[in-house]
Amino acid sequence: MRHVRIHDTLTGEPRPLEPRDPPKVGIYACGPTVYAPIHVGNARPYVVFALLKRFLEHEGSEVTLVENVTDVNDKIYDAARERGIRSAELARDMTDAYVEATDRLGLGRPDREPKASETIEALIESGHAYQANGDVYFRVGSFDGYGKLSNRPLEEMHQGEGDDAAEMKESPQDFALWKGRKEGEDTWWDAPWGQGRPGWHIECSAMAETILGLDFEVHGGGSDLVFPHHENEIAQTEAARGKPLARVWMHNGMVEMDAEKMAKSVGNIRLLHVALDEFGRDALVMWLVVRWGDDEPGTHRDRWLVLIAYVLALTSTNHLMGVLALPALAVYVLWTDWRTVLRPWAIVTFYALLLAVTGRPVGDLAGPGVSVLSVPPRQRHPDPFRALP
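Residues numbered from 1 in each chain as written. Predicted model: local features only at pLDDT ≥ 70, side-chain atom pairs only at ≥ 80, totals over all residues. Heavy atoms only, no water.

**Overview of the overall build of the chain**
- In terms of helices and strands, the chain carries 13 helices and twelve strands.
- Counting across all 389 residues of the chain, residues that qualify as buried make up 47%.
- Intrachain contacts of the chain at a sequence separation of at least 6 include 74% that bridge at least 24 residues.
- Carbon and sulfur atoms provide 55% of the accessible area of the chain, an area that totals close to 19200 Å². (Helix = DSSP H or I, 4+ residues; strand = E, 2+ residues; numbered from the N terminus. Buried < 20%, exposed > 50% of the residue type's maximum accessible area, 1.4 Å probe, protein only. Contact = heavy atoms within 4.5 Å. Areas by Shrake-Rupley, 256 points an atom, 1.4 Å probe, with all protein chains shown as cover.)

**Quick notes on the packing of helix H1 (residues 40-58) against helix H9 (residues 281-290)**
- Contact pair H1 / H9: the axes reach a minimum separation of 9 Å and the direction vectors enclose 85°. Judged by the angle between their axes, H1 and H9 are roughly perpendicular. Taking contact as the criterion, the partners of Val40, Ala43, Arg44, Val47, Leu51 and Arg54 in H1 are, on H9, Arg281, Leu284, Val285, Trp287, Leu288 and Val289.
- The residue inventory of the contact of H1 with H9, partitioned by class, reads nine nonpolar, no polar and three charged. (Axes fitted to C-alpha atoms, helices over the stretch in contact; angles between N-to-C directions. Parallel < 35°, antiparallel > 145°, perpendicular 65-115°, else oblique. Nonpolar A, V, L, I, M, F, W, Y, C, P; charged D, E, K, R; others polar.)

**Brief notes about the pattern of salt bridges**
- Enumeration over the complete set of coordinates arrives at 17 salt bridges.
- Asp74 is the partner of Arg197 in a salt bridge, and the nearest nitrogen-oxygen pair spans 2.3 Å. With Arg197 in strand S8 (residues 196-198) and Asp74 in helix H2 (residues 74-83), this residue pair connects regions lying 123 residues apart in the sequence.
- You can call Arg197 buried: its relative accessible area is 3%.
- Classification of Asp74 by relative accessible area gives partly exposed; the value is 30%.
- Linking Asp78 and Arg81 is a salt bridge whose minimum nitrogen-to-oxygen distance equals 3.0 Å. Of this pair, Asp78 and Arg81 both sit in helix H2, three residues apart, which is roughly one turn of that helix.
- Residue classification places Asp78 among the partly exposed positions, given a relative accessible area of 39%. (Salt bridge = Lys/Arg side-chain N within 4 Å of Asp/Glu carboxyl O.)

**Some thoughts on the sheet that holds S8**
- The strand order across the open sheet built from four strands is S5-S6-S7-S8, with neighbouring strands paired in antiparallel fashion. Edge strands, defined here as strands with exactly one partner in the open sheet, are strand S5 (129-132) and S8. Going from strand to strand, the sheet's axes swing by 20° on average, the running direction of each strand aside. (Pairing = 2+ DSSP bridges.)

**Remarks on the side chain of Glu233**
- The topology assignment puts Glu233 in helix H7 (residues 226-241).
- No salt bridge is formed by the buried Glu233. Its closest oppositely charged neighbour is Arg241, at 12 Å.
- What Glu233 contacts, discounting residues up to four positions off in sequence, is Cys30, His201, Cys204, Ser205, His219, Leu245 and Trp249. (Lys, Arg positive; Asp, Glu negative; His and termini not counted.)

**Side note on helix H6 (residues 200-212)**
- With 13 residues, H6 extends 19 Å between its outermost C-alpha atoms, agreeing within 8% with the 18 Å of an ideal straight helix rising 1.5 Å per residue.
- Burial in H6 covers these residues: His201, Ile202, Glu203, Cys204, Ser205, Ala206, Met207, Ala208 and Leu212. (Expected span 1.5 Å × (residues − 1).)

**Concerning a negative patch on the surface**
- On the surface, a cluster of negative charge is made up of Glu89, Asp93, Asp96 and Glu100.
- Its place among the elements puts Glu100 in helix H3 (residues 87-103).
- Residue classification places Glu100 among the exposed positions, given a relative accessible area of 57%. (Patch = residues over 30% accessible without salt bridge, like charges linked within 9 Å, V, L, I, M, F, W, Y side chains within 5 Å. Charge placed at Lys NZ, Arg CZ, Asp CG, Glu CD.)

**Observations concerning the packing of helix H8 (residues 272-279) against H9**
- Close contact between H8 and H9 brings their axes to 7 Å; oriented N to C, the two are set at 120°. Between H8 and H9, the angle is such that the two are oblique. Counted together, Leu272, Ala275, Leu276 and Phe279 of H8 and Arg281, Ala283 and Leu284 of H9 form the full contact between these two elements.
- A per-class count over the contact of H8 with H9 returns six nonpolar, no polar and one charged.

**Concerning the nonpolar core**
- In terms of nonpolar packing, the biggest core is built from 29 residues, with Val47, Leu105, Leu272, Leu284 and Leu288 touching the most fellow members.
- The element contributing the most residues to this core is H1, with six residues.
- With residues up to four places along the chain from it excluded, the contact list for Leu288 reads Val40, Ala43, Arg44, Val47 and Val255.
- Counting 16 residues, the second largest nonpolar core, distinct from the first, contains Cys30, Met207, Leu245 and Ala246. (Core = buried A, V, L, I, M, F, W, Y, C linked by side-chain atoms within 4.5 Å.)

**Quick notes on the side chain of Lys169**
- One can find Lys169 in the loop between helix H5 (163-166) and strand S7 (175-180).
- Polar side-chain contacts of Lys169 include one of 2.7 Å to the backbone oxygen of Asp174. (Polar contact = N/O pair within 3.5 Å; in protein donor to acceptor, adjacent residues only side chain to side chain.)

The following block contains the structure:
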């Protein structure tokens, strides 16, 4: 089995995948909030982590992939109220639609898809949490490591929980672990703090720990979840348990349309089942894997550069054109912005030019390690990109 490294958001560097109990690997990826049909942007983490699971299995690992469904949430209450139905009915219908649409991607289903849980008492007893009018909040000031994932100053960390919550908090940065039942909410549980439901952040921590245990291998999701969701998961778990929740924090980029993140709130969405009808499974899966953001300066010019680089890589016999292209790329990078080298198109271009100059894939040049673009065929494991029957 080759060594696999994954970019870790927490450290900002690639980290080796070091299974707790080799060859077993646990992956927890945050799934959708089911208040409406999912769109193409919601499908990207589903595709990314399904492919990660299949790739690791291709390499000989025994992978357990867990992706939750958030089926109790303020957005679900609001959407159900507009339709004149119970929130549980809406969540059930949208969950069924989510499963049906993602089944069409042909990548298999996660091993577990949990929907709810809670773990709060230990936080209150340790002083990391407090009660306020039926709610329970995490006391951010009690946890020294808060902010280490998102690297934001504390004063810029606004939880976005509404003005009503602000009045009950000791600090604006504190976040809800338990939300007391409010008028018009038709889904609740009994708890020592009164009727209510778990906060969004505690649900994922509890489900991940229950199924995978603490210090599992990979916790992931979209990059929009780094703060506040994953930041809060780290704080509440380490404060309550004294151990890290996960070893590697992996995040995929956002799908963008018209220079903005694809989101229901923005209104620039394309529903997943509609896109599948229009473009088909294979095209959509590959588009989600290699998609560039529309908000990058010179996007169309950059894509032409990638195309030219690939032509050079495929057609040059003595590598002369590749050698000439390398300084041209360097001049272009310096002319635009040094951060250009961090953009996806630049990475792909560098790979193509490297192949053109050396004739060798980057995995061969780097020695032991993983190169996603040069995976050798294995007979005992399926192609990670192949649609399942």
